[in-house]
Structures are given as structure tokens and as C-alpha cells.
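Given next are the chains, with one letter for each unit.
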Amino acid sequence: MFDMRPYRNNNDRRNNLSAYNPFREMDAFERNFFNDPFDSWFDHSALASFKTDIKDNGDSYTLEADLPGFDKKDIHLDVNGDTLTIHAERKAEQEEKDDKNNYVRCERSFGSYSRQFDLSSVDADHMKATYDNGVLKLEMPKKALPDSARHIEIE
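Residues numbered from 1 in each chain as written. Predicted model: local features only at pLDDT ≥ 70, side-chain atom pairs only at ≥ 80, totals over all residues. Heavy atoms only, no water.

### Side note on the packing of aromatic side chains
So, step 1. Enumeration according to the criterion identifies 1 aromatic pair in this entry.
So, step 2. Both rings, one in F70 and one in Y113, keep their centres 5.5 Å apart while their planes meet at 90 degrees; by these two values the pair is edge-to-face. Of the two residues, F70 is situated in the loop between β2 (60-66) and β3 (75-80) and Y113 in strand β5 (residues 103-118); the sequence distance between them amounts to 43 residues. Pair check on accessibility: F70 and Y113 agree, each one buried.
So, step 3. Over the ring of Y61 we find K142; its NZ or CZ atom is 4.9 Å from the centre of that ring. (Phe/Tyr/Trp six-rings, centres within 6.5 Å; stacked < 30°, edge-to-face > 60°. Helix = DSSP H or I, 4+ residues; strand = E, 2+ residues; numbered from the N terminus. Buried < 20%, exposed > 50% of the residue type's maximum accessible area, 1.4 Å probe, protein only. Lys NZ or Arg CZ within 6 Å of the ring centre and 35° of its normal.)

The following block contains the structure:
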């Protein structure tokens, strides 16, 4: 592969327009019927992944991933073969107590986010990563392509 593209998320059916499901309307009805009506404002699909921008700089790629609210220690970058996995995990707790030390409000938020990218055209040994103001930035140099033009002698 000569372009760096994220792997397709199999759970995202909007990207696969050719998949026909005759029970789609019934599934949607069932989901909406049993869901909490007061929770409908929240986009649960946003929890499944995070947004990234990939820029081709000619001799390298720059990947920027929006991961606001994470500590740097909670973001993990793993390369396995030609696959980069970005994994981030969030654990947050808020407590408010009254003067008698009783809970007035207690909120907990946990989430795990993960995406994979194809690195077949990237020199993974020389990648560099920074994390600043909620944005993970990866500088990824391209692999040197062999000279495709050559002369072959006839024997």
C-alpha cells in the first residue's frame, strides 16, 4: 500500500453502503424503544473512536489524533508488523460532598479508545510522537522506495 490510510472500522455501517439489511428498520425501532429517552442527546458512536488527520508531506506523513482529556501515560502506541495501534484509556471520577461528608453528586467516566493504521509505507523505526494540548502528533518518515526504472540486459 502506497498511501497511509486507517483500517476500516467494521462496526461503522455508514461506510458500507452496499450492505443490505432487511431488518435494519426493526433493529433501529428496538434500539430506540429500549434506550433511555433522556440519554438520546449523547452520541454514543463518538466513544468508539477518535478523530485523526493524516497529512502527506512528500517524504513523510504527519498523523494528528484528537485525544483531549487524556494523560500522556494513558496513551499507548504499539507497532506490530505493518500495523500501528493507538490505544487510549480514560478513568475519571468526580465527587461532591456536603458538610456531613455525604454524597451530593458522584460521577465516574471510563472509556477505552483504539484505532489501527497501516504502516506498510512508513519507516516505523524512525517515527516520533508528541502529545500536547490534547493532540497526539506522530511524525512518520516514508520508506525509501527502490528505484523503479532499471535496464535489463538480454542474455
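### Let's talk about unusual backbone geometry
So, step 1. Despite not being glycine, N133 has its phi angle at roughly 50 degrees, a positive value.
So, step 2. Looking at the element boundaries, N133 is found in the loop between β6 (128-132) and β7 (135-141).
So, step 3. The class of N133 is exposed, set by a relative accessible area of 73%.

### Here we look at the confidence of the model for the protein chain
Predicted coordinates in areas of low pLDDT are best not read in detail.
So, step 1. Within the protein chain, residue pLDDT values average 76, and 59% of them lie at 70 or more.
So, step 2. Across residues 36-47, where pLDDT falls below 50, the model places 5 contacts with residues more than four positions away in sequence or in other chains. (pLDDT = per-residue confidence, 0-100. Contact = heavy atoms within 4.5 Å.)

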